[in-house]
Amino acid sequence: RRKPDGRIIWDGIEIDITESKHAEEALRHSEEKFSKAFLSSPSSIVITRQSDGRIMEANEAFCQRYEVTLAAARGRTVFEVGVWRHPAEREALIHRLRQEGSIRNVEKETVLPSGRRTVSLMSLEQIRIQGEACLLTVTHDITDLKQAEQALQESESKFRTLFNTANDAIFLMRGLQILDCNRMT
């Protein structure tokens, strides 16, 4: 029999379950926060079994990146979805993960199912779910940044070529300070 103050009387023994209810409520709130953060993250997040790469859970960003629905992703392996093309690459990273405990911002090239090539920063953590070794993988797509870096390097190279081969003297200055000059000076 439950009393309004949160106590229960069972076989004549009075039990106060208020603390238990508070702990249960706090756990529910914590799970809600984690779920919202996981699902709404703009980074691709996936939880896989360490043994075979089978996808247990993924967020919307993962599904969009790998062009698959969540229903289609769950139960498939990271090889089937296209996260990894070669098992040896994944195994090498898992070996490193076992030695280091966690991995942060490893650059990884991926060919998506559509054929588009991307570059990502991948971070991995080992976790256990119901006693099974799993991987939590967070991936940030840096393809646009890498393309911008490449374009900047190409532009710099073109500038250097023009600067150094010009038939006129060229000075790069800040105020009265000469920062650089070409060979004609």
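Residue numbers here run from 1 along each chain, matching the order of that chain's written sequence. The model is predicted, so local features are restricted to residues of pLDDT at least 70 and side-chain atom pairs to those at 80 or more, both for listing and for counting; the totals for chains, interfaces and linings are taken over all residues. Heavy atoms from the whole structure form the basis of all side-chain values; hydrogens and water molecules are not counted.

*Asks:* Explain the overall build of the protein to me, using residue names and the numbers behind them.
*Replies:* In this text, helices come from DSSP runs of H or I with a minimum length of four residues, and strands from runs of E with a minimum of two, each type numbered from the N-terminal end. For the protein, the count of helices and strands is six helices and nine strands. Each residue's exposure class comes from its accessible area (1.4 Å probe, protein chains only) as a fraction of the maximum for that residue type: buried when under 20%, exposed when over 50%, partly exposed otherwise. Taken over 185 residues, the protein has a buried fraction of 29%. Any two residues having at least one pair of non-hydrogen atoms within 4.5 Å are treated as being in contact. Long-range pairs, those at least 24 residues apart, make up 32% of the contacts in the protein with a sequence separation of at least 6. Of the roughly 12500 Å² of accessible surface on the protein, a fraction of 54% belongs to carbon and sulfur atoms. Each accessible area is a Shrake-Rupley estimate made with a 1.4 Å probe; only the visible protein chains count as cover when residues are assessed.

*Asks:* Tell me about the environment of P42, and please be specific about residues and values.
*Replies:* Topologically, P42 is positioned in the loop between α1 (18-40) and β3 (44-49). For P42, a relative accessible area of 80% gives the class exposed. Sequence-wise, P42 and N59 are 17 residues apart; in three dimensions their C-alpha atoms are separated by 9.0 Å.

*Asks:* Just give me the short version of the sheet that holds strand β7 (residues 132-141), but keep the residues and values in it.
*Replies:* Pairing is antiparallel in the open sheet, where five strands are placed in the order β4-β3-β7-β6-β5. Only two strands of the sheet have a single neighbouring strand rather than two, namely β4 (55-58) and β5 (102-111). Strand-to-strand twist of the sheet, defined as the mean angle between neighbouring strand axes without regard to direction, takes the value 30°. For two strands to pair, DSSP has to find at least two bridges joining them. Two elements, β5 and strand β6 (residues 117-129), share eight bridges in a ladder whose sense is antiparallel. Each bridged residue has a counterpart across the sheet, and for I103 the counterpart in β6 is L124. Each of β3, β5, β6 and β7 is contacted by helix α5 (residues 87-100), which is oriented at about 170° to β5, the strand it contacts most. Along the sheet, helix α6 (residues 143-165) makes contact with β5, β6 and β7, crossing β6 at roughly 140°. Lines fitted to C-alpha atoms define the axes here, with helix axes fitted over just the stretch in contact, and angles between the N-to-C directions of these axes take values from 0 to 180 degrees.

*Asks:* Tell me what's going on with the pattern of salt bridges, and back it up with residues and numbers.
*Replies:* Salt-bridge detection follows one rule: a side-chain nitrogen of Lys or Arg within 4 Å of a carboxyl oxygen of Asp or Glu. According to the stated counting rule, one finds 15 salt bridges in the structure shown. Measuring nitrogen to oxygen at the nearest pair gives 2.9 Å for the salt bridge that ties E25 to R28. One end of the pair, E25, and the other, R28, are both in helix α1, three residues apart, so they sit about a helical turn from each other. Residue class for E25 comes out partly exposed when judged on its relative accessible area of 36%. Here E57 ties to R74 by a salt bridge, and the two come within 2.8 Å at their closest N and O atoms. A residue pair is termed long-range when its members are at least 10 positions apart, and E57 in strand β4 and R74 in the loop between α3 (70-73) and α4 (78-81) qualify at 17 residues.

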